[in-house]
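Summary of structural features
The chain contents come next:
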Amino acid sequence: MSACQSTQLKTFNTFGISANADHICTVTSIESLVALWHEAMEKHQPILLLGGGSNVLFTENFKGTVILNRILGIDIKESETAWHIHVGAGENWHGLITYLLKQQIYGLENLALIPGNVGSAPIQNIGAYGIEFKNVCEYVDFVELKTGNSIRLTADECQFAYRDSIFKYQYKDGYAITSVGLRLHKAWEPILTYGALVHFSRENVTPDQIFDAVCEMRQSKLPDPAVMGNAGSFFKNPIISAELAQKIKLEYPTCPQYYQNEESVKVAAGWLIDQCHLKGYSIGDAAVHTQQALVLINKGNASGQDVIALAAHVRNEVAKKFNIFLEPEVRFIGSEGEIDAVECIS
Ligand SMILES: Cc1cc2nc3c(=O)[nH]c(=O)nc-3n(C[C@H](O)[C@H](O)[C@H](O)COP(=O)(O)OP(=O)(O)OC[C@H]3O[C@@H](n4cnc5c(N)ncnc54)[C@H](O)[C@@H]3O)c2cc1C
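Predicted, not measured: the structure shown is a model, and the values here were computed from it. (Residues numbered from 1 in each chain as written. Predicted model: local features only at pLDDT ≥ 70, side-chain atom pairs only at ≥ 80, totals over all residues. Heavy atoms only, no water.)

1. Considering the overall build of the protein
A tally of regular secondary structure across the protein gives seven helices and 21 strands. Whereas a compact globule of 346 residues would reach a radius of gyration of roughly 20 Å, the protein reaches 20 Å, a difference of no more than 12%. Based on the C-alpha atoms only, the size of the protein along its principal axes is roughly 60 × 50 × 35 Å. For the protein, the residues scored as buried account for 52% of the 346 residues in total. A separation threshold of at least 6 residues defines the contact pool for the protein, and within that pool the share at least 24 residues apart is 61%. Working note: accessible area of the protein is about 16,300 Å², and carbon and sulfur atoms make up 49% of it. Of the charged side chains in the protein, 27 are positive and 38 negative; the average position of the first set lies 4 Å away from that of the second. (Helix = DSSP H or I, 4+ residues; strand = E, 2+ residues; numbered from the N terminus. Rg over C-alpha atoms; globule rule 2.2 N^0.38 Å. Buried < 20%, exposed > 50% of the residue type's maximum accessible area, 1.4 Å probe, protein only. Contact = heavy atoms within 4.5 Å. Areas by Shrake-Rupley, 256 points an atom, 1.4 Å probe, with all protein chains shown as cover. Lys, Arg positive; Asp, Glu negative; His and termini not counted. Charge placed at Lys NZ, Arg CZ, Asp CG, Glu CD.)

The following block contains the structure:
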């Protein structure tokens, strides 16, 4: 089934940017998704697939059809050692976690409260508090829209990396993720490496305690998009050469750095932005959040162009001070589809 509705995108992106689309349609089956894609192609209209709209920035009006993927369903099977969960791409990610917790199926607690849909989780390999999607992924199903053929990739074939996967490159245009398969071990192991989680004891912590602690940390640190438009971390944490990292550490011993391998080190982008004294800095209604420098917010009526100008300023200031060039984690959507975010802010 597909249903088309109003053309204002403001309520369909967590940044709360006002932009129009020619059509906004909801699909609840693979068949209707494929049919809608063909209909748009015949009319030479661009197509944009959208889940929860929590990782996009609309830079202008979209001159085509936005398809809201609402293919639902949660199917749970078990083997001797694990739960195998097949989930429709249109299910809400946090809703899935709370549902599984109620069924006493554990392993996703650390990823609680990440906004958006299940089908988007593999695309940037979502991660938080010591876990990434790739750690729980068994497979990803997607459809080639032109032929209607369904394809399944194993987790290994998805080429997951930090905020990255094959779905940003080889299977980007002309493909839609329709479901994912998760494997959660029955022998639950808590992951307590980050934030307030380090204070729990491995021996007696429960999944519900981790879930509650993660929700509490996120709610205290991140602005709620329902109250203040944002798309979470605006920039990726840059991975820089060990040499540059060492130089920065000598000058700024408190700089948070995470060892990747002998040649590279990940640096906290929020810390870099904060060192440039940019918290609260604004252009139009777009601003750097006052508590969390990595988050750019919409104070009310920011346009996509305001956010671009602000992001360009942040990138510039960080580059001047540290010789590090930040790259957006958020995907930029122009009038005909995704545009190069780095180019936009360079
Ligand atoms: C407050 C806040 C906190 C956040 N915290 C985190 C965090 O801790 N960790 C983290 O990793 N991310 C975080 N994010 C980012 C975001 O939640 C994730 O990237 C999420 O997976 C995006 O899901 P979505 O459904 O909203 O994707 P959307 O924004 O709807 O889409 C993202 C991209 O995927 C494409 N797409 C969507 N659905 C499909 C599909 N079915 N098939 C093919 N392509 C598709 C879209 O075209 C777009 O390019 C946060 C965002 C916010 C607002």
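2. Things to note about the site of the ligand
Contacts to the ligand come from 31 residues, most closely from L49, G51, S54, S120 and R218. Here an oxygen atom of the ligand sits 2.8 Å away from a polar atom, N or O, in the main chain of G52. I177 has a polar backbone atom sitting 2.9 Å from a nitrogen atom of the ligand. Protein contacts shield 93% of the accessible area of the ligand, which totals 990 Å² for the unbound molecule. Elements with a contribution of two residues or more to the shell around the ligand: β3 (47–50), β8 (127–128), β12 (175–185) and β13 (229–233). Of the residues contributing to the shell around the ligand, the split by class is 13 nonpolar, 14 polar and four charged. (Near = heavy atom within 4 Å. Polar contact = N/O pair within 3.5 Å; in protein donor to acceptor, adjacent residues only side chain to side chain. Nonpolar A, V, L, I, M, F, W, Y, C, P; charged D, E, K, R; others polar.)

3. Considering the domain arrangement of the protein
Looking at the assigned domains, one finds that the protein contains domain 1 (21–69), domain 2 (74–220) and domain 3 (230–345). Taking only C-alpha atoms into account, the centre of domain 1 sits 24 Å from that of domain 2. Across the boundary between the two partners, domain 1 contributes eleven residues, which contact 15 residues of domain 2. Approximately 1,000 Å² of surface area, both sides summed, lies buried where domain 1 meets domain 2, with 65% of it carried by carbon and sulfur atoms. Together, I30, W37 and N69 form the three largest contributors to the area buried by domain 1 at its contact with domain 2, with a combined 42%. For the interface between domain 1 and domain 2, the tally reads zero salt bridges. Taken together, domain 1 and domain 2 are joined by four residue pairs in polar contact (both at pLDDT 80 or more). Examining the composition of the side of domain 1 that touches domain 2, we find that five residues originate from one element, helix α1 (residues 30–42), more than from any other. Looking at the side of domain 1 that touches domain 2 residue by residue, the class counts come to five nonpolar, six polar and no charged. (Domains from an automatic or database assignment. Buried area = accessible area lost by both parts, 1.4 Å probe. Salt bridge = Lys/Arg side-chain N within 4 Å of Asp/Glu carboxyl O.)

4. Notes on the UniProt feature "active site" (unreviewed entry) in the protein
Under the present numbering, the feature "active site" (unreviewed entry) in UniProt falls on R163, S233 and E329. Despite a sequence span of 167 residues, these residues sit close together in the fold, their greatest C-alpha distance being 11.3 Å. In this structure, R163 sits in the loop between β11 (149–154) and β12. Among all residues touching R163, those that are not within four sequence positions of it are Q124, N125, I126, G127, E132, K168, K236 and E329. (UniProt positions renumbered as here; feature names shortened; annotations may be inferred.)

5. What about the side chain of N55?
Within the secondary structure layout, N55 lies in the loop between β3 and β4 (56–58). Apart from the residues within four sequence positions on either side, N55 is in contact with Q124, A231, E329, V330 and R331.

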